[in-house]
Amino acid sequence: MTQWAEIESVPSTGRAPTADGAARGAAPSGRSLRSATTPRLKRAERLIVGSIDAAAHVLQRRARDVLVGSALFMVPMVGLYLLLSVITFDDFDRLDSLFTDRGYIGVEAGLVLVGLAVQSLTAHIVGAYASLYLVRYRMGGEPTIGAVALATVRRLPLLVVTWGVTHWWALLLWLWMVNVEFATVLGASLLVGPVAVTASTFFLLVTPVMMGERLGVKAVGRAWRLVRLRFGAAWGFVAACTLLGGVLLLFISTLPSAAEGTGLVTFGSWGWAVQGVMAQIAVLVVVPFSALATAEFYLQTRVHAEGLDIVMAAERAFGRAS
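No experiment lies behind these values; they were computed from the predicted model shown.

Reading the values: the criteria
- Within each chain, residues carry numbers counting from 1 in the order of the written sequence.
- A pLDDT threshold of at least 70 governs which residues receive local features in this predicted model, and a stricter bar of 80 or more applies before side-chain atom pairs are shown or counted, although totals over entire chains, interfaces and linings include all residues.
- To get the side-chain values, all heavy atoms of the structure are used, and hydrogens and water are removed first.
- The helix and strand labels rest on DSSP assignments: H or I over at least four residues marks a helix, E over at least two residues marks a strand, and numbering proceeds from the N terminus.
- Each residue gets one of three labels from its accessible area relative to the maximum for its type: buried under 20%, exposed over 50%, partly exposed in between, using a 1.4 Å probe on protein chains only.
- Every residue pair with non-hydrogen atoms within 4.5 Å of one another is taken to be in contact.
- Areas reported as accessible are Shrake-Rupley estimates using a 1.4 Å probe. Residue values count occlusion only from the protein chains shown.
- Definition of nonpolar core: a set of buried residues of the types Ala, Val, Leu, Ile, Met, Phe, Trp, Tyr and Cys, connected through side-chain atoms within 4.5 Å.
- Only Phe, Tyr and Trp rings take part, Trp by its six-membered ring, and two of them pair if their centres are within 6.5 Å. Stacked means planes under 30 degrees apart, edge-to-face means over 60, and tilted covers everything else.
- Salt bridges, as used here, are contacts in which a Lys or Arg side-chain nitrogen is within 4 Å of a carboxyl oxygen on Asp or Glu.
- The arc in question is the one traced by the directions running from the helix axis out to the C-beta atoms.
- In this analysis, a patch consists of residues with relative accessible area above 30% that form no salt bridge, clustered at 9 Å for like charges and at 5 Å for the nonpolar side chains Val, Leu, Ile, Met, Phe, Trp and Tyr.
- pLDDT expresses, on a scale from 0 to 100, how confident the predictor is about each individual residue.
- Any N or O atom pair separated by 3.5 Å or less is treated as a polar contact, with the protein-specific requirement of one donor-capable and one acceptor-capable atom, and with residues adjacent in sequence counted only for side-chain atom pairs.
- Think of each axis as a best-fit line through the C-alpha atoms, taken over the contacting stretch in the case of a helix, with angles from 0 to 180 degrees between the N-to-C directions.
- If an angle is under 35 degrees, it is roughly parallel; if it is over 145, roughly antiparallel; if it lies from 65 to 115, roughly perpendicular; otherwise it is oblique.
- In this scheme the handedness of a crossing depends on how the near helix is turned from the far one: anticlockwise by less than a right angle means left-handed, clockwise means right-handed.
- Lys, Arg, Asp and Glu make up the charged group, whereas Ala, Val, Leu, Ile, Met, Phe, Trp, Tyr, Cys and Pro make up the nonpolar group; the residues left over, Gly among them, are polar.

Enquirer: Honestly, the overall build of the chain in this entry has me stumped. Any pointers?
Expert: For the chain, the helix and strand inventory stands at twelve helices and zero strands. Walking the chain from its N terminus toward its C terminus, one meets helices and strands in the order α-α-α-α-α-α-α-α-α-α-α-α. Expressed as a percentage of its 322 residues, the buried residues of the chain come to 46%. Counting contacts in the chain only where the partners sit at least 6 residues apart, residues at least 24 apart contribute 77% of the total. For the chain, the accessible surface area stands at approximately 16,000 Å², while carbon and sulfur atoms represent 66% of it.

Enquirer: Any chance you could explain the nonpolar core here in plain terms?
Expert: Across soluble globular proteins, nonpolar side chains have a tendency to be buried as a group. Residues Leu204, Leu205, Val209, Leu292, Phe297 and Leu299 are the most contacted members of the largest nonpolar core, which totals 56 residues. In terms of residue count, the dominant contributor to this core is helix 11 (residues 271–306) (eleven residues). When residues no more than four places from it in sequence are discounted, the contact partners of Leu204 are Val227, Ala234, Phe237, Val238, Thr294 and Phe297. Counting residues in hydrophobic clusters, the runner-up holds five residues, among them Trp169, Trp174, Ala196 and Ala199.

Enquirer: Whenever I open this one, the packing of aromatic side chains confuses me. Can you help?
Expert: The geometry of two aromatic rings is summed up by the distance between their centres and the angle between their planes. In this structure the tally under the stated criterion is six aromatic pairs. Considering the side-chain rings of Phe73 and Tyr129, the 6.0 Å spacing of their centres and the 50° angle between planes classify their relative orientation as tilted. One end of the pair, Phe73, is in helix 2 (residues 63–88); the other, Tyr129, is in helix 3 (residues 109–138), with 56 residues separating them in the sequence. By relative accessible area, Phe73 is classed as buried at 15%. Relative to Trp224, the ring of Phe202 lies with its centre 5.4 Å away and its plane at 85°, an arrangement referred to as edge-to-face. Here the residue Phe202 occupies a position in helix 6 (residues 182–202), and Trp224 occupies one in helix 8 (residues 219–229), the gap between them amounting to 22 residues. Since its relative accessible area comes to 33%, Phe202 is described here as partly exposed.

Enquirer: How should I be thinking about the environment of Ala123 in this particular structure?
Expert: Structurally, Ala123 can be placed in helix 3. Residues Ala123 and Leu284 lie 161 residues apart in sequence; the distance between their C-alpha atoms is 9.5 Å.

Enquirer: What is the right way to look at the pattern of salt bridges in this model?
Expert: Between side chains of opposite charge, pairing is possible as soon as their charged atoms come close. For the structure on display, the rule yields nine salt bridges. With its nearest N and O atoms 3.1 Å apart, the salt bridge here joins Glu213 to Arg302. Placement of Glu213 in the loop between helix 7 (206–212) and helix 8 and of Arg302 in helix 11 is noted, with a sequence separation of 89 residues between them. Residue classification places Glu213 among the buried residues on the basis of a relative accessible area of 0%.

Enquirer: Would you take a moment to explain helix 8 for this structure?
Expert: Of all the residues in helix 8, the buried ones are Ala219, Val220, Arg222, Ala223, Leu226 and Val227. Seen from one end, helix 8 has its buried residues packed into an arc of 165°, which puts them on one side.

Enquirer: Teacher, can you tell me more about a nonpolar patch on the surface here?
Expert: Taken together, Val161, Val165 and Val217 make up a surface patch of nonpolar side chains, about 210 Å² in accessible area. Counting through the fold element by element, Val161 comes out in helix 5 (residues 156–177). A residue is classified by how much of its surface remains accessible, and Val161, at 41% relative accessible area, is partly exposed.

Enquirer: What is the right way to read the environment of Val238 from this model?
Expert: Position of Val238 relative to the elements: it lies in helix 9 (residues 231–253). In the structure, Val238 is positioned 41 residues away from Val197 in sequence and 6.3 Å away in space, judged by C-alpha atoms. Contacts of Val238, omitting those with residues within four sequence positions, involve Val197, Ser200, Thr201 and Leu204.

Enquirer: What is the right way to read the side chain of Ser120 from this model?
Expert: Tracing the chain through its elements places Ser120 in helix 3. Excluding its chain neighbours within four sequence positions, the residues that come into contact with Ser120 are Trp163, His167 and Trp174.

Enquirer: For this particular structure, what's the right way to read the confidence of the model for the chain?
Expert: Note: predicted coordinates in regions of low pLDDT should not be interpreted at a detailed level. On average, the chain scores 75 in pLDDT, and the residues at 70 or more come to 70%. This stretch, residues 90–107, has a pLDDT under 50; its non-local contacts, to residues over four places away or in other chains, come to 35 contacts.

Enquirer: When you look at the side chain of Thr294 in this model, what are you seeing that I'm missing?
Expert: Relative to the assigned elements, Thr294 resides in helix 11. Given the relative accessible area of 13%, Thr294 is considered buried. Looking at Thr294, its side chain comes within polar contact range of the main-chain oxygen of Ser290, at 2.8 Å. Ignoring anything within four residues of it in the chain, the contact list for Thr294 reads Leu204, Leu205, Pro208 and Phe237.

Enquirer: Teacher, can you tell me more about the packing of helix 1 (residues 47–61) against helix 9 here?
Expert: Relative orientation and spacing of two packed helices are given, respectively, by the angle between their axes and the distance between those axes. The interhelical angle for the contact between helix 1 and helix 9, taken along N-to-C directions, is 45°, at an axis separation of 9 Å. What the angle tells us is that helix 1 and helix 9 run oblique. Here helix 1 runs over helix 9; the crossing is right-handed. Across from Leu47, Ile48, Ser51 and Ile52 in helix 1, the residues of helix 9 making contact are Ala233, Gly236, Phe237, Ala240, Cys241 and Leu244. Tallied by class, residues from the contact of helix 1 with helix 9 come to eight nonpolar, two polar and no charged.

If you want it as structure tokens, here you go:
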């Protein structure tokens, strides 16, 4: 048997990674992600579908760690969102309430923008937690809620900076949306939608790169170079995740209304509160799932474009190159 044939057959002899250092990221050059144990990372032939499917498997097997850890960062967002809902909404029975005379209009537009910004920043932080969890898990580690959450907290200043760098355009878009009529937003969606997806594609991998490769603001440039290698797949991935996430959000959020429609359950004057809470439960599921899928897409992009799986297999067989 030749040395190359032995790559996949050589057992790992390294010690298990520590709680705070499992699956260390690559050097700033981004050449490889190394682990002391045998990685769980496998090449997916289809970048988009494979990444989403792998993320669903991780969420199914590690739901407690992913959802509970994400909830630690999402609780403040939920509290603020519900507070703004109490202030500005009479109820939640209309999907266009954000853009009509019953929603956030006039002096209340500032509150909406603050709420959207806080939700976006929180999703960015949750994305960092989920990305680090998935990378460590795929690299063969056994990540825990405490270790991953602590590592995420240590990166909060950088996360705020990268969020501002990569989401400034979204703030301008939201400011426009909350100050125009719903019909205008709907009519411009055919143009705004593709533009928003394209802008999101540019910064798609910033969080996984920063958490997986231990980079700071340089993660923006590194992420763009990776996306450029598979830009078409990255654009399709953003569109697919947006569509899937929107469907899941709508389905989960409308469960109370569907239950009331059967006549078996009635919420009375508390219907708006139940609707709001269910919407946040939907967010708690969709945001971590999208983050896991993005982190998996990052790893698969490195596998397809940089041969990450081959490099890691060679290192396990022959040792790390000097």
